[in-house]
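Structure at a glance
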Amino acid sequence: MIWVWVAVIAIAIVVEVFSAQLLSIWFAVGGIAALAASFFTDNIAIQIFLFFAVSIVSLAIIYPLAKKVLKTDYVKTNADRYIGKLAVVTEEISNIDAKGQVKVDNQIWSARSQNGETISEGTKVNVLRIEGVKLIVSADENI
């Protein structure tokens, strides 16, 4: 059974190297525990139990810590500068018809309304966020 656990460890490490997603490293840790157990007992049930138990425990404990350490920060783009600005509707915004454009800082953007309302041409709107290549806007009566 020693070679089975060595193979499990090797396969888990190879999968992890090629995926780089913290996908199978937990099985390598469980395989190491089962390999260690195989030196002390020939009972396959104990080895399999240790494999799964250690894999699950290492996943539950280490994954949240690894996720914090490997967390990538949000990278701002130059398009973020439009968020919070005023824009003017240059083509009526209709989410139902999937149409609408606004002009903000002399740039024309496709736009959709935040709450699904139709916004007529010439209306001033607030840019709330960017979803893909569209600005999400809201008409504000106080503008």
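Residues numbered from 1 in each chain as written. Predicted model: local features only at pLDDT ≥ 70, side-chain atom pairs only at ≥ 80, totals over all residues. Heavy atoms only, no water.

1. Side note on the pattern of salt bridges
Overall, the coordinates contain two salt bridges when judged by the stated rule. Of the charged contacts, one joins Asp105 and Lys85 as a salt bridge, the two residues approaching to 2.7 Å between their closest N and O atoms. You can see Asp105 sitting in the loop between β2 (99-104) and β3 (107-113) and its partner Lys85 sitting in the loop between α3 (44-69) and β1 (86-94), a full 20 residues away along the chain. For Asp105, a relative accessible area of 42% puts it in the partly exposed group. On the basis of relative accessible area, Lys85 is assigned to the partly exposed category, the value being 30%. (Salt bridge = Lys/Arg side-chain N within 4 Å of Asp/Glu carboxyl O. Helix = DSSP H or I, 4+ residues; strand = E, 2+ residues; numbered from the N terminus. Buried < 20%, exposed > 50% of the residue type's maximum accessible area, 1.4 Å probe, protein only.)

2. Side note on the pairing of β2
Burial along β2 is one-sided: the face carrying Gly100, Val102 and Val104 is buried and the face carrying Lys99, Gln101 and Lys103 is not. In this sheet, β2 lies alongside β1 in antiparallel orientation, the contact comprising four bridges. When the sheet's bridge partners are listed, Glu91 is paired in β2 with Gln101. Alignment of β2 against β3, held across four bridges, turns out to be antiparallel. By the bridge assignment for β3, Gln101 is matched with Ser110. (Pairing = 2+ DSSP bridges.)

3. Let's talk about the environment of Leu135
Topologically, Leu135 is positioned in strand β5 (residues 134-139). For Leu135, a relative accessible area of 0% translates into the label buried. Here the alpha-carbon distance between Leu135 and Ala7, two residues 128 residues apart in the chain, equals 52 Å.

4. Here's the deal with the environment of Ser113
With respect to the secondary-structure elements, Ser113 resides in strand β3. Among the residues examined, Ser113 registers a relative accessible area of 3% and is labelled buried. C-alpha separation for the pair Ser113 and Ala139, spaced 26 residues apart in sequence, amounts to 8.0 Å. Ser113 has contacts with Ile93, Asn95, Ile119, Ile136 and Val137, leaving out every residue within four places of it along the chain. In terms of polar contacts, Ser113 uses its side chain to reach the backbone amide nitrogen of Gly116, at 3.1 Å. (Contact = heavy atoms within 4.5 Å. Polar contact = N/O pair within 3.5 Å; in protein donor to acceptor, adjacent residues only side chain to side chain.)

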